[in-house]
Amino acid sequence: ARLHGDGTRYVTRSVANHLNDIAKTQPDLVVDILRDWADAGQQDAREMAWMTRHALRVLVKQGHVGALALLGYRGDVPMTAALRLGADQVRIGDVLEIACDLRADYSLPVIVDYRIRFARPGGKQAEKVFKLKVAELVAGQMLTLRKGHRLKGDATTFTLHPGAHSVVVQVNGVDVATADFVLR
């Protein structure tokens, strides 16, 4: 807490990293601390905004409402979403093409993540979150987002297994669309 107002990036990065670790077990406490620090005004506004984004990265992936609200993202705005995958079946090592169309009646900033639910041995599933886009959704206009996700067979941190998988698109912490594919 004493170091959050420091003017050196490596110090504020360390503070933000510690808060990110604390957020794994006490998310609401971290949101409250960051809100109090922003209100206190002891840190440059741009640096405080950076620290806040960096400290809340795990909570953003989890769709934590308080963290997203602190960053200016609303999850209560109704929107339509259409998710398309480039193929129903993909081989390990190939690229899965992901496209999503978003539309809302209100303009708002959006943080769009996608989660892949991976098949695991024994019928279980594991989930990983990936960043898709931070953008501005304009009222009544369609926002189309595209990404190619390589399904690496030689990743050192995660082993792929053939079977049924899913892609879930999350906008401002809210799941808005899901599509399934088979990994062969």
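See above for the structure.
Residues numbered from 1 in each chain as written. Predicted model: local features only at pLDDT ≥ 70, side-chain atom pairs only at ≥ 80, totals over all residues. Heavy atoms only, no water.

Peer 1: In this structure, what is going on with the side chain of Thr52? I would like to understand it.
Peer 2: Along the chain, Thr52 falls in helix 3 (residues 45-55). In this structure Thr52 touches Leu34, Leu70 and Leu71, once residues within four positions along its chain are discounted. (Helix = DSSP H or I, 4+ residues; strand = E, 2+ residues; numbered from the N terminus. Contact = heavy atoms within 4.5 Å.)

Peer 1: I keep staring at the sheet that holds strand 8 (residues 174-183) and nothing clicks. Help me out?
Peer 2: In sheet architecture, strand pairing relies on hydrogen bonds along the backbone and comes in two forms, parallel and antiparallel. In space, the five strands of this open sheet follow the order 2-8-7-4-5, with mixed pairing throughout. Each of the sheet's edge strands pairs with one partner strand only, and the pair in question is strand 2 (89-90) and strand 5 (125-137). As paired elements, strand 2 and strand 8 share two bridges and run parallel to each other. Residue pairing in the sheet places Gln89 in a bridge with Val182 of strand 8. (Pairing = 2+ DSSP bridges.)

Peer 1: Quick question: what am I supposed to make of the sheet that holds strand 3 (residues 95-104) here?
Peer 2: Overall, antiparallel pairing links the three strands, which are arranged 1-3-6 in an open sheet. At either end of the open sheet lies a strand with only one pairing partner, and these are strand 1 (79-85) and strand 6 (143-150). Between one strand and the next, the sheet's axes are offset by a mean angle of 15 degrees, whatever the strand orientation. Note: strand 1 against strand 3, seven bridges, orientation antiparallel. When the bridges of strand 3 are listed, Leu85 appears paired with Ile98. (Axes fitted to C-alpha atoms, helices over the stretch in contact; angles between N-to-C directions.)

Peer 1: Can you help me understand the environment of Leu183 in this one?
Peer 2: Here Leu183 shows up in strand 8. Relative accessible area serves as the criterion here: at 1%, Leu183 is assigned to the buried category. Sequence separation between Leu183 and His161 is 22 residues, and the spatial gap between their C-alpha atoms is 7.4 Å. Excluding its chain neighbours within four sequence positions, the residues that come into contact with Leu183 are Val90, Arg91, Ile92, Leu151, Leu160, His161, Pro162, Gly163 and His165. (Buried < 20%, exposed > 50% of the residue type's maximum accessible area, 1.4 Å probe, protein only.)

Peer 1: I keep staring at the pattern of salt bridges and nothing clicks. Help me out?
Peer 2: Pairs can form between side chains of opposite charge whenever their charged atoms are close. Evaluation of the coordinates by the stated rule reveals nine salt bridges. One salt bridge connects Asp21 with Lys24, and the closest N-O pair in it is separated by 3.6 Å. Since its relative accessible area comes to 45%, Asp21 is described here as partly exposed. Glu127 is the partner of Arg115 in a salt bridge, and the nearest nitrogen-oxygen pair spans 3.1 Å. A residue pair is termed long-range when its members are at least 10 positions apart, and Arg115 in strand 4 (residues 108-119) and Glu127 in strand 5 qualify at twelve residues. Classification of Arg115 as buried rests on a relative accessible area of 7%. Through salt bridges with shared partners, one network takes in Arg115, Arg117, Glu127 and Asp175. (Salt bridge = Lys/Arg side-chain N within 4 Å of Asp/Glu carboxyl O.)

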